[in-house]
Amino acid sequence: LSPIKIMPTSKHIRVHSYESMGTFDGPGLRYVVFTQGCPFRCLYCANPDTIDAVGDSKLTDPDYILEQAISMKPFFGKRGGITFSGGDPMYQAEAFTELARRIRDELHRTIWCYTGFTFEQVLADPVMSRMLPYLEVLVDGPFVAAQRSLDLLFRGSSNQRLIDVQRSLRENKVVEYEYNPYPTF
C-alpha cells in the first residue's frame, strides 16, 4: 500500500537537524526533530535538504533525542511538546514508534507528526500504524503547491489535514483536530 519502501529497520534514527524552541510545527514551544529521507519530493518543499535518504545527516541514538527533549520540558509550558517532521518520519516508522512510546511514557508531552502519507495510508500499513497510539496529531498529506494557503495553521496546503489521532482511532473515522489558540486554563 505504501508508495515507497520504508527504510530498513534500525534502532537509530537518521536525523537531519533539530529545532529546540520551534513555534511553527504545532502549538506552544516544541522540540522539532527533522528527519532525513522523504519519497514525496514535493514541489517547493519547505525542507528540501531533508529529501535525500542520507543527505547531510547522521544516525542518532533515540536515547539522545529523548534526553534532549527531557532537558527542554521546563520550556514547553502547558501546550508545548515534541514534533517529528522531515523529511518524513514515517519513512523510519519503526524507530520513531519506539521513541514516541518512550516520550509518552517518560515525558508525558504531546507528539505531533508530519507525513506525506495520508492518515488512511498510515492506518493501513502494518509498520507505520504502530506509531499512531502515541501521537496526538498527524499532519497528513504531501504539500501541493497548487493548493498552497497562508491562512492555514501548521500546514502549507489545503489538502493537508490536522488529524486528531486518538479520537480518530476511538471513533474509527478521521476526526480533524480543532485548535484553539486562546485556551482557558
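As a reminder, the structure under discussion sits directly above these lines.
Notes on the structure follow. Computed from a predicted model, the values in this text were never measured in an experiment.

Moving on: the nonpolar core. Core analysis: the largest hydrophobic core is formed by 32 residues, its most contacted members being Phe84, Met90, Met131, Leu135 and Leu138. Contributions of two or more residues to this core are made by strand S1 (13-22), strand S2 (30-35), helix H1 (62-76), strand S4 (81-85), helix H2 (93-107), strand S5 (110-114) and helix H3 (119-124). Looking at which element gives the most residues to this core, the answer is H2, with seven residues. In terms of nonpolar packing, the next biggest core, distinct from the first, is built from seven residues, Trp112, Val139, Phe154 and Leu162 among them.

All right, on to the packing of aromatic side chains then. Tallied over the entire structure, the rule returns seven aromatic pairs. Centre to centre, the rings of Trp112 and Tyr177 are 5.4 Å apart; their planes meet at 80°, and the pair counts as edge-to-face. Placement of the pair is Trp112 in strand S5 and Tyr177 in the segment after helix H4 (165-171), with a sequence separation of 65 residues. Using a relative accessible area of 0% as the deciding quantity, one classes Trp112 as buried. Three or more aromatic residues joined by ring pairs form one cluster here, namely Trp112, Phe154, Tyr177 and Tyr179.

Applying the stated rule across the entire model yields eight salt bridges. Of the charged contacts in the structure, one is a salt bridge between Arg102 and Asp63, with a shortest N-O distance of 2.4 Å. Within this pair, whereas Arg102 is found in helix H2, its partner Asp63 is found in helix H1, the two being separated by 39 residues in sequence. Under the relative-accessibility criterion, Asp63 is labelled partly exposed at 33%. A network of salt bridges, in which partner residues are shared, links Glu98, Arg101, Arg104 and Asp105.

Calculation rules
- Residues numbered from 1 in each chain as written.
- Predicted model: local features only at pLDDT ≥ 70, side-chain atom pairs only at ≥ 80, totals over all residues.
- Heavy atoms only, no water.
- Core = buried A, V, L, I, M, F, W, Y, C linked by side-chain atoms within 4.5 Å.
- Buried < 20%, exposed > 50% of the residue type's maximum accessible area, 1.4 Å probe, protein only.
- Helix = DSSP H or I, 4+ residues; strand = E, 2+ residues; numbered from the N terminus.
- Phe/Tyr/Trp six-rings, centres within 6.5 Å; stacked < 30°, edge-to-face > 60°.
- Salt bridge = Lys/Arg side-chain N within 4 Å of Asp/Glu carboxyl O.

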